[in-house]
Structure formats: C-alpha cells, structure tokens
Amino acid sequence: MRVINDARKEQQKSLPLEDEAEFTKHSHLIVTIANKLLLPQRRKFVVDEHNKKVLRFLTYYFNGSPLAEQVFPDAKYKLHKNLLIMGGVGTGKTLLMQIFSEYLRYTNNPRFFHCMSVTQMVNYYTIHNNLDRYTYNEESSTGFKPQPFNICLNDIGVQSKTYFGMDTQLLTNEFLHARNEIWTQMGNTAHLTTNLTIKQLEERFADGFGRLIDRFKTYNVIKLTGESRR
C-alpha cells in the first residue's frame, strides 16, 4: 500500500504523461496493482513482448494522451473509441482490464470502469428481468436523466447457450445495441474482451441488417498474443 500511496502522490504532480519519467511512474504503479491482484494466485505479473506495447498503449489511452495513437500506427487506433481486447484463453485479457480498472480507481481517473462478466449480467437479468444497471442505469437516475457508468464486459460470445433459461447471446446483443447508443449520445464507454476472432464475432452477432456488425467498427480491436499465462 505504501508503494501505491507514494505513486498516487507522485501522480498528482503536474508533469505531463508524455514525459518518460512520469510515464515510468505510472507503469510502476500499474505493475504494483497487477501483482497485488495476482497475490492470491502466488504469481507475478510478467511484462514481455506480448503485452509490453499494449500496456503502453492502454496507459496513454486511459489518460487521454494522443501518444496512444502512435503506439500502433498501422492499426489507426483512436482515443475516442471503445476497446475490444481479443486473444486466446489465458493470454490475460480479463486480467489486463481488471488491472486498469483498479489503476483508474486508485488515481481517481474519470475513465474508471467496472469489470463485469456475461454470467454476472445474466444473473442480474434473471433477478430483475432487465439489463438496466448494465445499460442506462435508470434506477439511479435523477429526474429523467439516466446515469450509465463505464463498463467492461468480459468474454462476450463465449456463452452461446441458455443459462437458467436465458439466451446469453440475445442479452449480449441487447447490451451491445444499448451501449452503442449510450456511447454515441453520452460518451460512456463499454469495453469488451473475447476469445473469438472478429470473423467469429460477426458470425455470432449477425442480426440480419449488418447494424451490430458495423458497430464493432467503433472499437479499437487489440489482439493479445502468446501462450496461456495461467
């Protein structure tokens, strides 16, 4: 905790993130948080050729730095787009987003997001018969103004069967449609992780009109490579 508190104090200084020394401080904080999350598993967070550039991109991205768009110049990533993290099982997609969720919370960053799983979303629907908390969050509204929060939905497309009688794919479709509207109108983000490829996602979520498939274009598609880290 002392390391984290010291890093938070350092972050409050006015040095720009473009300064490499300041970037290094953020990087150390991120690794500290990662190791804290991995402590119950008794393993260390490893930075290697498979995630090093992704970590740099995400650090810039979540701090609103234009340098994010220069990390993978050929990919043409944009700061205003959501994130779609793809990769094989165990490559660290969900962990990566959990790390940055905690990092943003520690640093009081307005880009903070909640990490949720498809299973959690289905459980919520089973109890409440709606996806409100995951979409517009009208239950917390003031007047007629919804209060959606930033979110990361993990492992979309993996569960294609019914779960307690609920069609998980249909619910995910509803989530994606609603969150695209929220992102367009209110700017709240909805990041995603998946084990599927873009082609598999397009096949899985084809709605007959091309609308949902087209909305995947509003994401920075980032691929995590390497073997399972588990």
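Going by the structure above, here's the rest.
Residues numbered from 1 in each chain as written. Predicted model: local features only at pLDDT ≥ 70, side-chain atom pairs only at ≥ 80, totals over all residues. Heavy atoms only, no water.

**Considerations on the overall build of the protein chain**
Under the convention used in this document: Under the DSSP-based scheme used, a helix requires at least four consecutive residues in state H or I and a strand at least two consecutive residues in state E, with every element numbered from the N terminus. Note on classification: 1.4 Å probe, protein chains only; a residue is buried when its accessible area is under 20% of the maximum for its type, exposed when over 50%, partly exposed between these limits. Residue contacts are defined here by distance: any two heavy atoms, one from each residue, within 4.5 Å place the two residues in contact. The protein chains shown are the only cover counted for residues, whose accessible areas, like all others here, come from Shrake-Rupley with a 1.4 Å probe.
Per the secondary structure count, the protein chain includes 9 helices and 7 strands. Scored against the burial criterion, the 230 residues of the protein chain give a buried share of 43%. Pairs at least 24 residues apart make up 71% of the contacts formed inside the protein chain by residues separated by at least 6 positions. Of the roughly 12500 Å² of accessible surface on the protein chain, 52% is carried by carbon and sulfur atoms.

**So, the sheet that holds strand 2 (residues 114-117)**
As a reminder, the rule being used: Strands are labelled as partners when DSSP assigns at least two bridges between them. Between N-to-C directions, angles cover 0 to 180 degrees, with each direction set by a line fitted to C-alpha atoms, over the stretch in contact for helices.
An order of 2-3-6-1-7 is seen for the 5 strands of this open sheet, with the pairing classed as parallel. Single-partner strands in this sheet number two, and they are strand 2 and strand 7 (219-224). Put simply, the sheet's adjacent strands are angled 20° from each other on average, direction ignored. Relative to strand 7, strand 1 (residues 82-87) runs parallel, the two being bridged by 6 bridges.

**Some words on the nonpolar core**
We apply this condition: Take the buried residues of types Ala, Val, Leu, Ile, Met, Phe, Trp, Tyr and Cys, join any two whose side-chain atoms come within 4.5 Å, and each joined set is a nonpolar core.
In terms of nonpolar packing, the biggest core is built from 32 residues, with Phe57, Leu58, Phe62, Leu83, Phe100 and Ile222 touching the most fellow members. Every element with two or more residues in this core is listed here: helix 2 (20-38), helix 3 (52-62), helix 4 (68-71), strand 1, helix 5 (93-106) and strand 7. Examining the composition of this core, we find that 8 residues originate from one element, helix 5, more than from any other. Other than its neighbours up to four places away in sequence, leucine 58 contacts Leu83, Leu96, Phe100 and Ile222. One finds Leu131, Ile156, Leu171 and Leu196 within the second-largest nonpolar core, a separate group that totals 24 residues.

**Section: the packing of aromatic side chains**
The line we're drawing: Here a Phe, Tyr or Trp ring, Trp counted by its six-membered ring, pairs with any other such ring whose centre lies within 6.5 Å, and the pair is stacked when the planes are under 30 degrees apart, edge-to-face when over 60, and tilted otherwise. Sitting over a ring, as applied to charges here, requires NZ of Lys or CZ of Arg to be within 6 Å of the ring centre and within 35 degrees of the ring normal.
Counted according to the given criterion, the structure contains 10 aromatic pairs. Between phenylalanine 57 and tyrosine 61, the aromatic rings sit 5.7 Å apart at their centres with planes inclined by 25°, giving stacked as the arrangement. Here phenylalanine 57 and its partner tyrosine 61 are both found in helix 3, 4 residues apart, which amounts to about one turn of the helix. Looking at phenylalanine 57, the relative accessible area reads 1%, which means it is buried. Cluster of aromatic residues (ring-pair linked, three or more members): Phe57, Tyr61, Phe62, Phe72, Tyr77, Phe100, Tyr103 and Phe113. Here the basic side chain of arginine 56 rests over the ring of phenylalanine 23, its NZ or CZ set 4.0 Å away from the ring centre. Positioned above the aromatic ring of tyrosine 106 is the side chain of arginine 105, whose terminal nitrogen or guanidinium carbon lies 5.1 Å from the ring centre.

**Describing helix 7 (residues 168-186)**
Defined as follows: Here, expected helix span is obtained from the residue count minus one, scaled by 1.5 Å. By the criterion applied in these results, polar contacts are pairs of N or O atoms within 3.5 Å in which, for protein atoms, one can donate a hydrogen and the other can accept it, and in which residues neighboring in sequence qualify only through two side-chain atoms.
For helix 7, which comprises 19 residues, the first-to-last C-alpha distance of 26 Å matches the rise-based estimate of 27 Å (1.5 Å per residue) to within 8%. Inspection of helix 7 places Thr168, Leu171, Thr172, Asn173, Phe175, Leu176, Ala178, Arg179, Asn180, Ile182 and Trp183 among the buried residues, and these make up the whole buried set. Where helix 7 begins, the side chain of aspartate 167 points an oxygen toward the backbone nitrogen of glutamine 169, at a separation of 3.0 Å. Count one or two residues on from helix 7 and you reach glycine 187, which has phi positive near 85°.

**Focus on helix 3**
Buried residues dominate helix 3, accounting for 8 of its 11 residues. Among the residues of helix 3, Val54, Leu55, Phe57, Leu58, Thr59, Tyr60, Tyr61 and Phe62 are the ones counted as buried. Contacts from the buried residues of helix 3 go to helix 2, helix 4, strand 1, helix 5, strand 6 (190-194) and strand 7. At the C-terminal side of helix 3, glycine 64 shows a positive phi close to 70°.

**Things to note about the layout of surface pockets**
Threshold: Put simply, the grid is 1 Å and covers the protein atoms alone, a cavity is a trapped set of points that fit a 1.4 Å probe, a pocket is an open set with protein on both sides within 12 Å along at least five of seven lines, and lining residues have an atom within 4 Å of a point. Grid points are joined across faces, edges and corners, and a volume is the space filled by probe spheres set on the points. Three categories are distinguished: nonpolar for Ala, Val, Leu, Ile, Met, Phe, Trp, Tyr, Cys and Pro, charged for Asp, Glu, Lys and Arg, and polar for the others, with Gly belonging to the last.
As a volume, the largest pocket reaches approximately 260 Å³. Broken down by secondary-structure element, the contributors of at least two residues to the lining of the largest pocket are helix 2 and helix 5. Take the lining of the largest pocket: its biggest share by element is 4 residues, from helix 5. Residue classes in the lining of the largest pocket are distributed as 4 nonpolar, 6 polar and 5 charged. The leading source of residues in the lining of the second largest pocket is helix 2, at 6 residues.

**Thoughts on unusual backbone geometry**
At arginine 42, a position not held by glycine, the phi torsion is positive, near 55°. For arginine 42, the position within the fold is in the loop between helix 2 and helix 3. Even without being a glycine, aspartate 155 presents a positive backbone phi close to 60°. The residue aspartate 155 is located in the loop between strand 3 (151-154) and strand 4 (162-163) in this model. Taking relative accessible area as the criterion, aspartate 155 reaches 30% and is therefore assigned partly exposed.

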